[in-house]
Amino acid sequence: MWSRKELKAEAKANLKKNYWAMVAVCFLMAILIAEYSLSTETINYYDSDNRYSGAVQNEMNSTGGLGEEMDHLLPGSEEQLQQELHPTKGVFSSVFNMLGKSKATANNILRTINSIAADHGGFALMIALLAVALAAFYEIFIKAMLRVGERRFFLENHLYHKTHIGRIFFLFKEKKFRRPAWVMLVKAIYLFLWSLTIVGGIIKHYSYKMIPYILAENPDIDRRQAFKLSREMMNGNKWKAFVLDLSFIGWNILMSVTFGILGIFFLNPYVRGVEANLYLALRATAIARNLPGADALNDDYLAAAPADIQEGFYPGQAQVRQKKIALDYHRHYTLINLVLFFFIAAFIGWCWEVALHLVKDGIFVNRGTMLGPWLPIYGVGGVASLIILKRFVDRPSLLFVLTMALCGVVEYFTSWYLEMTKGIKWWDYSGYLLNLNGRICLEGLLTFAIAGCAFIYLIAPKLDTMLNRIPKGTRFGICGILILLFGADTVYSHFHPNTGEGITDYGMLAEPERSAASGQEASGETTL
């Protein structure tokens, strides 16, 4: 028998042993597939005037899905309503709106397709059908597989406290995603049908609760066997599992008070850890009682670590990690490679912002102050992090904080310089949670910190190895051409900066306003 107290105590202990990896996994799941919406939506729909009430927020969240994503194609759609309610727009909200809140029913999808076909004709209908196909592919082969992968991480992390976050992709790496995709699809269909009965939906939610964990342990299990085994494991435990979920209500209230920050840094990994411990307890009971299908629970390493295994790693994963991530982030980077790093990071940043705008608004916009496909602020942030923060690479937690601070300084003073010299805003975070004069905000800094650490530990060492394979003369030639083009673009953009809709539509300052704004910032006024 299991108890809530034991499950929670063990989850807290595991959280202390691999804290940052557990937080990172849950944060990635929130970004990639919009999990943990309670913590992320609190941040995404924050408004500095607090005009976005909880009632309105809940109603907006409940609409979700493909219909919400495509309604902006229709005249007089929900987009206007959302604009009137001032939802937050930014990196996190763009990604979550793009990928998340997918609760649309088949009726919503059909309504959207029918409306588009009626108002925009055959071509728009083809685009709508393609969007439906892509959304279905994403739901079945990406979202569901990452859910199973997240469960695998937490199951391994129970005993092996050096489990790497890359384990969330284990189904793709082991090429065992077809059967789990089918099982998770059938589970989603069953839950949707049962939800039409309301009470039946709640009961079946707990009956099928262990299916992702069963797939995480044995991806080759048959669909019927997975469903039957989950029902058997939850038989007599559904009410206790329901009470276990209710026991987190106090934490959820506290998370709302902290605008979701508590969820990101504690509650999300804690709750998932408790759920993984519940599965392991039920698994042990199923094997002990020899329940039907229990023979499929055949990963003995999840219950007991072998004596000869390297401490902290699931069997076989220490060698895999050393092989794939044996990257020397202490290395010395040559000047020529640092220059190339600048242009690569600037180009990636440009692609990132253009892609977000393209997905969100459906139009191509050349983001940034310059004409070329580069955003220098990304290049400066990446290279500056490599040079200035090199001495802190052996202290990941401190490096994360320092990267966030460094990127904040770069972004703030870049914004200030452009606004004071050009009288134009290229971005504005006013109304975002914990923003400073609209120039930087918490969600942007967290994004830059994560990207910066990934650049320092993984991307830069790998890029350096690849670039060193190119003859030095060729690299000099490439650098020379890029510098000439960048220099010409810099001169031209100084006199003719890149402006327009989607680029600088954040307002313009006249000369007196610029002086006033400068004086206001000097006085240290901050918008939170």
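Here's a quick rundown of the structure. Since the model is a prediction, treat every value here as computed from it, not as a measurement. (Residues numbered from 1 in each chain as written. Predicted model: local features only at pLDDT ≥ 70, side-chain atom pairs only at ≥ 80, totals over all residues. Heavy atoms only, no water.)

**So, the nonpolar core**
Applied cut-off: As used in this record, nonpolar core signifies buried Ala, Val, Leu, Ile, Met, Phe, Trp, Tyr and Cys residues forming a set joined through side-chain atoms within 4.5 Å. Exposure is judged per residue with a 1.4 Å probe applied to protein chains only, and the accessible area is read against the type maximum: over 50% gives exposed, under 20% gives buried, and values in between give partly exposed. Where helices and strands are cited, they refer to DSSP runs of H or I of at least four residues and of E of at least two residues respectively, numbered from the N terminus. Every residue pair with non-hydrogen atoms within 4.5 Å of one another is taken to be in contact.
Judged by nonpolar contacts, the single largest core of 62 residues is most densely connected at L155, M210, M233, Y270, L278 and Y279. With 11 residues, helix α16 (residues 261-289) is the largest single contributor of residues to this core. Residues contacting M233, with those up to four places away along its chain left out, are M210, I214, Y279, L282, R283, A286 and L291. Counting residues in hydrophobic clusters, the runner-up holds 36 residues, among them A384, F400, M404 and Y457.

**A few points about helix α22 (residues 472-495)**
Short version of the rule: In a helix, the anticipated span is given by 1.5 Å times the number of residues less one.
When the terminal C-alpha atoms of α22 are compared, their 35 Å separation across 24 residues agrees well with the 34 Å that a helix rising 1.5 Å per residue should span. The set of residues buried in α22 consists of R475, C479, F486, D489 and S493.

**Section: the packing of aromatic side chains**
Note the threshold: Pairing of aromatic side chains here covers Phe, Tyr and the six-membered ring of Trp, requires ring centres within 6.5 Å, and sorts the geometry by plane angle: under 30 degrees stacked, over 60 edge-to-face, intermediate tilted. Working rule: Lys NZ or Arg CZ, within 6 Å of ring centre, within 35 degrees of ring normal, means a charge sits over the ring.
Under the counting rule described, the total for this entry stands at 28 aromatic pairs. Ring plane angle 75° and centroid distance 5.1 Å describe the contact between Y19 and W20, whose orientation is recorded as edge-to-face. Residue Y19 is classed as partly exposed on the basis of its relative accessible area of 25%. Positioned above the aromatic ring of F248, the side-chain terminus of K8 is 4.6 Å from the ring centre. The residue whose ring lies beneath K240 is W2, and the NZ or CZ to ring-centre distance is 4.2 Å.

**Concerning the pattern of salt bridges**
Using the following cut-off: Just to be clear on terms, a salt bridge is a Lys or Arg side-chain nitrogen sitting within 4 Å of an Asp or Glu carboxyl oxygen.
Scanning the model with the defined rule gives 19 salt bridges in all. A salt bridge links K209 to E275; its shortest N-O distance comes to 3.2 Å. Linking K209 in the loop between α11 (199-207) and α12 (211-217) with E275 in helix α16, this pair joins segments that are 66 residues apart in sequence. Residue K209 is classed as buried on the basis of its relative accessible area of 12%. We classify E275 as buried; its relative accessible area is 11%. The salt bridge partner of R272 is E275, with a shortest N-O separation of 3.0 Å. Here R272 pairs with E275, and both are found in helix α16, just three residues apart, close to one helical turn. Members of the salt-bridge network, linked through shared partners, are E35, R147, E150, R151, K209, D245, R272 and E275.

**Things to note about unusual backbone geometry**
The phi angle at I198 is positive, at roughly 65°, despite the residue not being glycine. Relative to the elements of secondary structure, I198 occurs in the loop between α10 (178-195) and α11. Among the residues examined, I198 registers a relative accessible area of 61% and is labelled exposed. In this structure, N290 takes a positive phi of about 55° despite not being glycine. Relative to the assigned elements, N290 resides in the loop between α16 and α17 (317-324).

**Here's the deal with the side chain of E217**
So the rule is basically this: Polar contact is the term for a pair of N or O atoms within 3.5 Å; when the atoms are in protein, one must be able to donate a hydrogen and the other to accept it, and sequence-neighboring residues count only if both atoms are side-chain atoms.
As for its placement among the helices and strands, E217 is situated in helix α12. Here Y279 takes part through its side chain, which lies 2.5 Å from a polar atom of the side chain of E217. Beyond its immediate stretch of four places on either side in the chain, E217 contacts R152, Y279, R283, L297, N298, D299 and L302.

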